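Observations on chain architecture
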Amino acid sequence: QVQLVESGGGLVQAGGSLELSCAASGRTVSFNDMGWYRQAPGKQRELVATITRGARTVYADSVKGRFIISRDNAKNTVYLQMNSLKPEDTAVYYCTGVVRELTTVRNYWGQGTQVTVSS
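Right, let's walk through the structure included here. (Residues numbered from 1 in each chain as written. Predicted model: local features only at pLDDT ≥ 70, side-chain atom pairs only at ≥ 80, totals over all residues. Heavy atoms only, no water.)

Turning next to the packing of aromatic side chains. For the coordinates displayed, the defined rule picks out two aromatic pairs. Each ring, one from F31 and one from Y108, has its centre 5.9 Å from the other, and the planes form 80°; the classification is edge-to-face. Of this pair, F31 sits in the loop between β3 (18-26) and β4 (33-39) while Y108 is found in strand β10 (residues 105-109), placing the two residues 77 residues apart along the sequence. Taken individually, F31 and Y108 each receive the classification buried, so the pair is uniform in this respect. Positioned above the aromatic ring of Y94, the side-chain terminus of R45 is 3.8 Å from the ring centre. Lying over the aromatic face of W109, R45 brings its terminal NZ or CZ to 4.9 Å of the ring centre. (Phe/Tyr/Trp six-rings, centres within 6.5 Å; stacked < 30°, edge-to-face > 60°. Helix = DSSP H or I, 4+ residues; strand = E, 2+ residues; numbered from the N terminus. Buried < 20%, exposed > 50% of the residue type's maximum accessible area, 1.4 Å probe, protein only. Lys NZ or Arg CZ within 6 Å of the ring centre and 35° of its normal.)

Relative to the elements of secondary structure, Y79 occurs in strand β8 (residues 77-82). Measuring from C-alpha to C-alpha, the distance between Y79 and I69 comes to 5.6 Å, with ten residues separating the pair along the chain.

Of all hydrophobic cores here, the largest spans 29 residues; its most connected members are W36, L80, M82 and Y93. At the level of elements, β1 (2-7), β3, β4, β5 (46-52), β7 (67-72), β8, β9 (91-100) and β11 (113-118) are the ones that each hand at least two residues to this core. A total of four residues in this core trace back to one element, the largest contributor, which is β9. Among all residues touching Y93, those that are not within four sequence positions of it are E6, L20, W36, Y37, R38, V48, F67, L80, M82, G112, T113 and V115. (Core = buried A, V, L, I, M, F, W, Y, C linked by side-chain atoms within 4.5 Å. Contact = heavy atoms within 4.5 Å.)

Right, let's get into unusual backbone geometry. With a phi angle near 75°, A55 is a residue other than glycine that sits in the positive phi range. Judged by relative accessible area, which is 47%, A55 ranks as partly exposed. Unusually for a residue other than glycine, N76 sits at a positive phi of about 55°. Mapped onto the secondary structure, N76 falls in the loop between β7 and β8. Of the residues examined, N76 reaches a relative accessible area of 15% and is grouped as buried.

Taken in spatial order, the four strands make up an open sheet running β1-β3-β8-β7, and their pairing is antiparallel. The open sheet has two edge strands, β1 and β7, and neither has a second partner. Put simply, the sheet's adjacent strands are angled 15° from each other on average, direction ignored. When β7 meets β8, the two strands line up antiparallel, connected through six bridges. Bridging from a neighbouring strand, D72 pairs with T77 of β8. (Pairing = 2+ DSSP bridges. Axes fitted to C-alpha atoms, helices over the stretch in contact; angles between N-to-C directions.)

According to the stated counting rule, one finds five salt bridges in the structure shown. The partner of R38 in a salt bridge is E46, and the shortest N-O contact between them spans 2.8 Å. Judged by its relative accessible area of 5%, R38 is buried. The class of E46 is partly exposed, set by a relative accessible area of 36%. What emerges from the salt-bridge pattern is a single network uniting R38, E46, R66 and D89. (Salt bridge = Lys/Arg side-chain N within 4 Å of Asp/Glu carboxyl O.)

In short, geometric facts, not functional conclusions.
In structure tokens:
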């Protein structure tokens, strides 16, 4: 079974930085796309950033210039470097990985990690 496990969440003051990591665990799998989503209380889950195997990235407007998504294909890990954090960034952050096949698309999700930005 394939699992995605996030780490690096926690409490940080506004203006600070935090790096999230998400690594695949269990059966070896190669993801086509990986990304980060977040969900704040009472709000819809929203895209934060995505990255392809070739490292092409897409960012939500709200995080452009502040967050950086990257991946290490050898380690099957995706990262989210978060800088200049704002209280509005407070949310549960979820890692996702997509496996695309000829007839199926499988989307794997991590359990989520809480990021809380104070002040």
